[in-house]
Amino acid sequence: PQIVLSVYGPDFFGHDVVRGYGAVHVPFVPGRHKRTIAMFVPESTSRLQQFTSWFTGRRPEFTDPKVVAQGEGREVTRVRSQGFVTISFNVM
C-alpha cells in the first residue's frame, strides 16, 4: 500500500494551484513511523506554455493520482523538485 499526496495552495493571483505531488510506501511493521516525502510538480515543456500557464493561472497537473503512485510513464514527464513533506503515522 501507498500514501499519495497532492498538495494545493493559492498562487500570486489567488488561484488554487498544485504545489506538489509525492508518494510513500506504508510499512508493514507495526508501530509508529515517520517518513519524509520528496515533492515534485510537473512543468511545461516550452517557454510559451510556461507563460500561458502563468498568465491564465492554469498550471500543468496530473489528472490521475495513479501516475504519482505507479511512476510508469513518468520518465518522459518534466518535473521540478518542490520540497519535502514529513508525515508520521501508526501501523497496527
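Here the structure is a predicted model, which is why all the values come from computation and not from measurement.

Undergrad: Which residues make up the overall build of the protein chain, and what values do they have?
TA: A count of helical and extended segments in the protein chain gives two helices and four strands. In sequence order, the secondary structure elements of the protein chain are arranged as β-β-β-α-α-β. Out of the 92 residues belonging to the protein chain, those deemed buried represent 26%. Nonlocal contacts in the protein chain, meaning residues at least 24 apart in sequence, comprise 58% of its contacts between residues at least 6 apart.

Undergrad: Run through the packing of aromatic side chains, naming residues and quoting values.
TA: Counting across every chain of the model gives one aromatic pair. Taken together, a centroid distance of 6.4 Å and an interplanar angle of 45° make the contact between Tyr21 and Phe40 tilted. Taken together, the residues span a long stretch of sequence, with Tyr21 in strand β2 (residues 16-25) and Phe40 in strand β3 (residues 31-42) at a distance of 19 residues. Judged by relative accessible area, which is 2%, Tyr21 ranks as buried. Look at Phe40 and you get buried, because its relative accessible area is 11%.

Undergrad: I'd like a rundown of the pairing of strand β1 (residues 2-10), residues and numbers included.
TA: For a regular strand, the rule is simple: side chains alternate between the two faces of the sheet. Of the strand pairs in this sheet, β1 and β2 are connected by nine bridges, and their pairing is antiparallel. Its bridge partner being in β2, Gln2 is matched across the sheet by His25.

Undergrad: Explain the confidence of the model for the protein chain to me, using residue names and the numbers behind them.
TA: For the protein chain, per-residue confidence averages 82 on the pLDDT scale, and residues scoring 70 or more make up 89% of the total. Taken element by element, the protein chain is modelled with least confidence in helix α1 (residues 47-56), mean pLDDT 72, and with most confidence in β3, mean pLDDT 91.

Undergrad: Give me the side chain of His33: which residues, what numbers.
TA: Along the polypeptide, His33 turns up in strand β3. For His33, the side chain forms a polar contact with the main-chain oxygen of Val29, separated by 2.7 Å. Excluding its chain neighbours within four sequence positions, the residues that come into contact with His33 are Pro27, Ile87, Ser88, Phe89 and Val91.

Undergrad: I'd like a description of the nonpolar core, backed by residues and values.
TA: The nonpolar side chains of a soluble globular protein tend to be buried, and buried together. Membership of the largest hydrophobic core is limited to seven residues, which are Leu5, Val24, Ile37, Met39, Ile87, Phe89 and Val91. For this core, the secondary-structure elements that each account for two or more residues are β3 and β4 (79-91). Per element, the largest residue contribution to this core is three residues, and it comes from β4. Within the second largest apolar cluster, five residues are counted, among which are Tyr21, Phe40, Phe62 and Val68.

Undergrad: Quick one: what's the story with the environment of Val4, residue by residue and with numbers?
TA: Within the secondary structure, Val4 sits in strand β1. Measuring from C-alpha to C-alpha, the distance between Val4 and His25 comes to 8.9 Å, with 21 residues separating the pair along the chain. Apart from residues lying up to four places away in sequence, Val4 is in contact with Gly22, Ala23, Pro65, Val68 and Ala69.

Conventions adopted
- Residues numbered from 1 in each chain as written.
- Predicted model: local features only at pLDDT ≥ 70, side-chain atom pairs only at ≥ 80, totals over all residues.
- Heavy atoms only, no water.
- Helix = DSSP H or I, 4+ residues; strand = E, 2+ residues; numbered from the N terminus.
- Buried < 20%, exposed > 50% of the residue type's maximum accessible area, 1.4 Å probe, protein only.
- Contact = heavy atoms within 4.5 Å.
- Phe/Tyr/Trp six-rings, centres within 6.5 Å; stacked < 30°, edge-to-face > 60°.
- Pairing = 2+ DSSP bridges.
- pLDDT = per-residue confidence, 0-100.
- Polar contact = N/O pair within 3.5 Å; in protein donor to acceptor, adjacent residues only side chain to side chain.
- Core = buried A, V, L, I, M, F, W, Y, C linked by side-chain atoms within 4.5 Å.

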